[in-house]
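Take a look at the letters that make up each chain.
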Amino acid sequence: MPEILLVEDDAALAKGVARAIAAEGRHITICGTLGAARRALERPADLILLDIGLPDGNGLTLCKELRLTSRMPVIFLTANDTEEDEIAGFCAGGDDYITKPFRLSVLRARVDAALRRAGCEDVLLIDGFRFDFAHADFSRDGKQISLSRSEQKLLYALVSARGRIVPRETLLDRIWTDGLEYVDENALSVTVRRLRQKLGKAYIQTVYGVGYRWENANA
Ligand code: CA
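Residues numbered from 1 in each chain as written. Predicted model: local features only at pLDDT ≥ 70, side-chain atom pairs only at ≥ 80, totals over all residues. Heavy atoms only, no water.

1. Focus: the sheet that holds strand β3 (residues 47–51)
Then, number 1: Within the open sheet, the five strands sit side by side as β2-β1-β3-β6-β7. Their pairing is parallel. Each edge of the sheet is formed by a strand with only one pairing partner; in this case those strands are β2 (27–31) and β7 (96–99). Taking the axes of each pair of neighbouring strands and ignoring which way they run, one obtains an average angle of 15° across the sheet.
Then, number 2: Judged from the four bridges that link them, strand β6 (residues 74–78) and β7 form a sheet pairing that is parallel. Bridge pairing in β7 links L77 to I98. (Pairing = 2+ DSSP bridges. Helix = DSSP H or I, 4+ residues; strand = E, 2+ residues; numbered from the N terminus. Axes fitted to C-alpha atoms, helices over the stretch in contact; angles between N-to-C directions.)

Rendered as structure tokens:
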């Protein structure tokens, strides 16, 4: 369930973009300023669509900051040739850029491709499981598995990490994304237990004191 951050100060354009890239299970946050984007980035995201000319600064600055700590895909939304030149001369690591005005279908394809490259596929086939996050459709060997919303988010965070340990704090952030109420760590343990009951114990490993890791049974 990819988290997408859209930084664009033209509210009408932002709305159109959000509609074009929307999919079941994708969560899109819209920010109109660099300041708002920095606050939003306190939570992990999977992709950022980044306008260059923003009311409180330049999108390139934010990308530079991001690259100090993150490999998150960045797609720039540029308004003119000058901005494209800026990007061409910019070595801090945007992944792609798209020039305004753009066709929403083209933008959609670029976003889908960037998410795939980043390992955020909507459908994953693992060990007889079929996890279709876009349609909230989960099965093993054709037999349906019913997962709650928080179980789906936990599963996504673990399988998209591909065997890397996902720290408890990251999971807490990613599963309870509304961020308004305090979530105690016990809620995470309970969700892990339920998911293990539904998928089989072997797949979700506890890394004591750190977090959890997905491991394929036949790996
Ligand atoms: Ca702008």
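2. Quick notes on the layout of surface pockets
Then, number 1: In this structure, the largest pocket encloses a volume near 730 Å³.
Then, number 2: As for the largest pocket, its lining consists of 23 residues, of which P44, A45, D46, R164 and R174 are closest to the centre.
Then, number 3: Only α6 (149–160), β12 (166–167) and α7 (168–175) provide two or more residues apiece to the lining of the largest pocket.
Then, number 4: Looking at which element gives the most residues to the lining of the largest pocket, the answer is α7, with four residues.
Then, number 5: Computed from the structure, the second largest pocket encloses a volume of approximately 210 Å³.
Then, number 6: Residue lining of the second largest pocket: 14 residues in total, with E3, T29, A40, R43 and P44 positioned closest to the centre.
Then, number 7: Contributing elements (two or more residues each) for the lining of the second largest pocket: β1 (3–7), β2, α2 (34–40) and α7.
Then, number 8: When residues in the lining of the second largest pocket are grouped by element, the largest group, three residues, is from β1.
Then, number 9: Per-class residue counts for the lining of the second largest pocket are six nonpolar, three polar and five charged. (1 Å grid on protein atoms, 1.4 Å probe; cavity = no way out; pocket = protein on both sides within 12 Å on 5 of 7 lines; lining within 4 Å. Points joined across faces, edges and corners; volume = space filled by probe spheres on them. Nonpolar A, V, L, I, M, F, W, Y, C, P; charged D, E, K, R; others polar.)

3. Digging into the coordination of the calcium ion
Perfect tetrahedral coordination of a metal by four donors corresponds to 109.5 degrees between them, and perfect octahedral coordination by six donors corresponds to 90 or 180 degrees.
Then, number 1: Protein coordination at the calcium ion comes from D9 (OD), D51 (OD) and G53 (O), with a distance range of 2.2 to 2.4 Å.
Then, number 2: Here the donor residues for the calcium ion map to a single chain with the spacing D-x41-D-x1-G. (Donors = N, O, S within 2.8 Å, 3.2 Å for Na, K, Ca; no water.)

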